Amino acid sequence: MLRLAKLNRYSEIVPRKFSWICTFAFESTSRIWIHSSAEKDTEIERIIKVVNDHPFPDHPLRPTLLQHVPPSALSTRLVEDVLGGLFGAHSNGLKAFEFFKFSLQQSCFRPSSGAFEKTLHILARMRYFDKAWELMEEIRQKHPALLTLKSMSIMLARIAKFQTYEDTLEAFERMEENIFVGRKFGTDEFNVLLRAFCTQRKMKEAKSVFNKMHPRFSPNTKTMNILLLGFKESGNVTAVELFYHEMVRRGFKPNNVTYNIRIDAYCKKGCFADGLRLLKEMERANCLPTIETITTLIHGAGLARNTTKARELFNEIPRRNLRPDIGTYNALMSCFVRFRDVKAAAGLMDEMEEKGIRHDNVTYHTMFLGFIRSKDMDCVSELYEKMTEKNFVPKTRTVVMLMKFFCINRQPDMGLNLWHYLSEKGHCAHCHALDLLVTALCSHGRVQEAFECSKQMLERGRYMSEAAFRMLERFFLQAGDMEKLRKLDQMIKRLQKILPPSRGHATGILSLTTT
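Because the structure is a prediction, the values reported are computed rather than measured.

Undergrad: In this structure, what is going on with the pattern of salt bridges? I would like to understand it.
TA: A side chain with one charge may pair with a side chain of the opposite charge, provided their charged atoms come close. As enumerated under the stated definition, the model contains 34 salt bridges in all. One salt bridge in this structure joins Glu 134 and Lys 131, with 3.9 Å as the shortest N-O distance. Residue Glu 134 and its partner Lys 131 are located together in helix H7 (residues 129-142), separated by three residues, close to a single helical turn. Note that Glu 459 and Lys 455 form a salt bridge whose closest N and O atoms lie 3.3 Å from each other. Residue Glu 459 and its partner Lys 455 are both found in helix H25 (residues 447-459); the two are separated by four residues, about one turn of the helix. A residue is classified by how much of its surface remains accessible, and Glu 459, at 30% relative accessible area, is partly exposed.

Undergrad: Quick question: what am I supposed to make of H25 here?
TA: In an α-helix, one full turn covers 3.6 residues, which means residues spaced three or four apart are oriented alike. End to end, H25 covers 18 Å across 13 residues, agreeing with the expected 18 Å (1.5 Å per residue, within 8%). Within the sequence span of H25, burial applies to Val 447, Ala 450, Phe 451, Cys 453, Ser 454, Lys 455, Met 457 and Leu 458. In this fold, the buried residues of H25 make contact with helix H23 (412-424), helix H24 (431-443), helix H26 (466-479) and helix H27 (482-496). One or two steps after H25, the chain reaches Gly 461, where phi turns positive at roughly 90 degrees.

Undergrad: Sorry if this is basic, but what is going on with empty space enclosed by the protein here?
TA: Which parts of space are left empty comes out when a probe the size of a water molecule is rolled across the atoms. Considering all chains together, one arrives at three cavities of 30 Å³ or more under this definition. Looking at the largest cavity, its volume works out to about 70 Å³. Considering only residue class, the lining of the largest cavity consists of seven nonpolar, five polar and one charged. Considering only enclosed or pocket space, the second largest cavity measures out at about 50 Å³ in volume.

Undergrad: In this structure, what is going on with the packing of aromatic side chains? I would like to understand it.
TA: Ring pairs (aromatic) are described by centroid distance and by the angle formed between their planes. Using the criterion set out here, one finds 13 aromatic pairs in the structure. Look at Phe 231 and Phe 243: their rings are 5.4 Å apart centre to centre, the planes differ by 45 degrees, and that puts the pair in the tilted class. With a gap of 12 residues between them, Phe 231 in helix H12 (residues 221-233) and Phe 243 in helix H13 (residues 237-249) connect regions that are remote in the sequence. Plain terms: the ring middles of Tyr 364 and Phe 392 are 4.8 Å apart, the flat faces sit at 40 degrees to each other, and that makes the pair tilted. In this pair, Tyr 364 sits in helix H20 (residues 361-373) while Phe 392 sits in the loop between helix H21 (377-389) and helix H22 (396-408), placing the two residues 28 residues apart along the sequence. Residue classification places Tyr 364 among the buried residues on the basis of a relative accessible area of 2%. Clustering of aromatic rings is evident, with ring pairs tying together Phe 172, Phe 180, Phe 185, Phe 190, Phe 210 and Phe 217. The side chain of Arg 125 reaches across the aromatic face of Phe 87, ending 4.0 Å from its centre. The ring centre of Trp 133 lies 4.0 Å from the NZ or CZ of Arg 174, which sits over that ring.

What counts, and at which threshold
- Within every chain, residues take consecutive numbers counted from 1 along the sequence as written.
- Local features in this predicted model are restricted to residues of pLDDT 70 or higher, and side-chain atom pairs are both shown and tallied only at a pLDDT of 80 or more, whereas totals for entire chains, interfaces and linings draw on every residue.
- Hydrogens are left out, water is left out, and the side-chain values use all remaining heavy atoms of the structure.
- Salt bridge, as applied in this entry: a Lys or Arg side-chain nitrogen positioned within 4 Å of an Asp or Glu carboxyl oxygen.
- Secondary structure elements follow DSSP: runs of H or I no shorter than four residues count as helices, runs of E no shorter than two count as strands, and numbering proceeds from the N terminus.
- Exposure is judged per residue with a 1.4 Å probe applied to protein chains only, and the accessible area is read against the type maximum: over 50% gives exposed, under 20% gives buried, and values in between give partly exposed.
- For a helix, the expected span equals 1.5 Å multiplied by the number of residues minus one.
- We call two residues in contact when some of their heavy atoms are within 4.5 Å.
- With a 1 Å grid laid over protein atoms only, a set of points is called a cavity when a 1.4 Å probe fits there but cannot get out and a pocket when it is open yet has protein on both sides within 12 Å along at least five of seven lines; lining residues have an atom within 4 Å of a point.
- Grid points are joined across faces, edges and corners, and a volume is the space filled by probe spheres set on the points.
- Amino acid classes used here: Ala, Val, Leu, Ile, Met, Phe, Trp, Tyr, Cys and Pro are nonpolar; Asp, Glu, Lys and Arg are charged; the rest, including Gly, are polar.
- For Phe, Tyr and Trp, where Trp contributes only its six-membered ring, two rings pair if their centres lie within 6.5 Å, and the inter-plane angle classes them as stacked under 30 degrees, edge-to-face over 60, or tilted in between.
- In this scheme, Lys NZ or Arg CZ marks a charge over a ring once it lies within 6 Å of the ring centre and within 35 degrees of the ring normal.

Here it is, written out as structure tokens:
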């Protein structure tokens with residue numbers, strides 16, 4: 001309808017005898033663009049599936065890549081998108097690392113900082129810190145221009161999360177002395193270090209770093225906002241306000257980000273009225289609210305169960321010369337779902353489509369949550385069907401939520417359908433999703449299918465959980481099927497030689513004879 005309306009307006013300007021030419025050209029161009037875009041997405045999915053399905057660690061990945069991925073096809077954008085897909089798919093980090101190294105070895109390929117950062121993020125998330133440092137060293141030698149503040153932030157944030165305070169400071173020094181050679185570290189790098197602690201809610205460590213290093217690096221407003229954000233993430237509104245006043249006393253002028261952090265702190269504590277008060281204070285200070293400000297307040301209204309005010313704030317957006325984005329729609333949708341008004345939330349989803357705003361994972365998760373709370377199996381199934389028709393792949397928490405819903409409601413076929421859908425897209429489901437699926441399949445006597453899903457997880461280089469393994473072990477022992485039990489045990493033992501240790505995952509069986 002929208003395209004027809006545009007064409008009709010255009011035909012009023014262009015002479016009638018030429019209008020059919022314009023229409024034909026417009027539609028032909030659209031078809032070519034859609035076709036090429038769809039082909040590109042298909043190629044990305046194919047390569048992700050090749051990497052994910054590769055048996056690990058039984059065979060090297062490089063020969064498979066040489067066979068299925070022609071070097072001429074490796075554009076900068078394609079490699080970035082494949083690595084982004086592998087990150088979202090929770091792929092084995094070593095396989096993603098091998099794919100990136102494979103692309104670097106192709107003379108026609110020009111690497112980007114985005115591809116490097118995604119690979120680094122995949123390795124650091126899985127705690128492959130030795131490999132991550134190895135990658136940074138290689139990039140320093142061959143492509144130093146790819147080293148950015150973002151790559152520094154990715155590495156430091158993960159080290160701050162999984163290792164000690166001293167390890168994080170040592171990593172910062174190592175980057176300054178050995179990785180970012182020739183770069184003089186200043187306030188921006190100092191801010192990255194502070195953010196690493198603040199995002200992990202380690203405010204004691206963040207304050208220690210600030211007190212220790214601020215004489216060397218001159219703090220700016222961004223520095224203070226990072227610390228303010230850290231106090232907010234810790235859930236301490238009093239600490240947020242105390243630090244805000246300290247920030248003002250030090251001579252730093254609050255900006256949009258400062259006010260947004262304070263408003264969010266109050267809203268998340270259920271103090272919505274204080275959030276509105278800060279909005280007025282913000283306007284009096286000639287600090288214009290942004291779309292993030294209004295989105296935060298809409299979310300706060302939802303937490304306070306004030307749907308009237310949430311809708312009012314949403315309707316005010318055009319009058320503030322702002323445009324609602326996907327985050328704003330998601331915030332209002334969440335507000336309606338929280339108030340059990342699923343019909344209004346579904347209406348927003350339709351409105352997004354009409355305005356050309358694509359649904360993201362938060363959109364789907366919110367609507368699935370609303371339907372699940374309403375115990376509406378039909379609506380969940382209908383939305384799931386629409387999502388898969390659009391080839392949308394949900395993120396981990398949505399996958400786990402759907403799998404739990406299907407399995408609890410005695411719908412193992414739907415759970416198995418979701419598992420196969422993710423596999424076809426080249427994605428690895430989280431081990432929690434496998435736990436739920438294995439439990440549901442075994443309780444319905446479908447142990448062979450549970451075994452196949454577990455084997456697929458291990459073949460892709462991902463651990464299965466202790467709980468899922470013990471459940472299969474019990475059924476196999478009852479059936480006397482020792483061969484399948486040995487197969488799983490061998491696969492787990494092979495992974496343990498390569499993957500970092502991870503709590504809560506299967507360690508195999510000690511001895512089949514004693515068992």
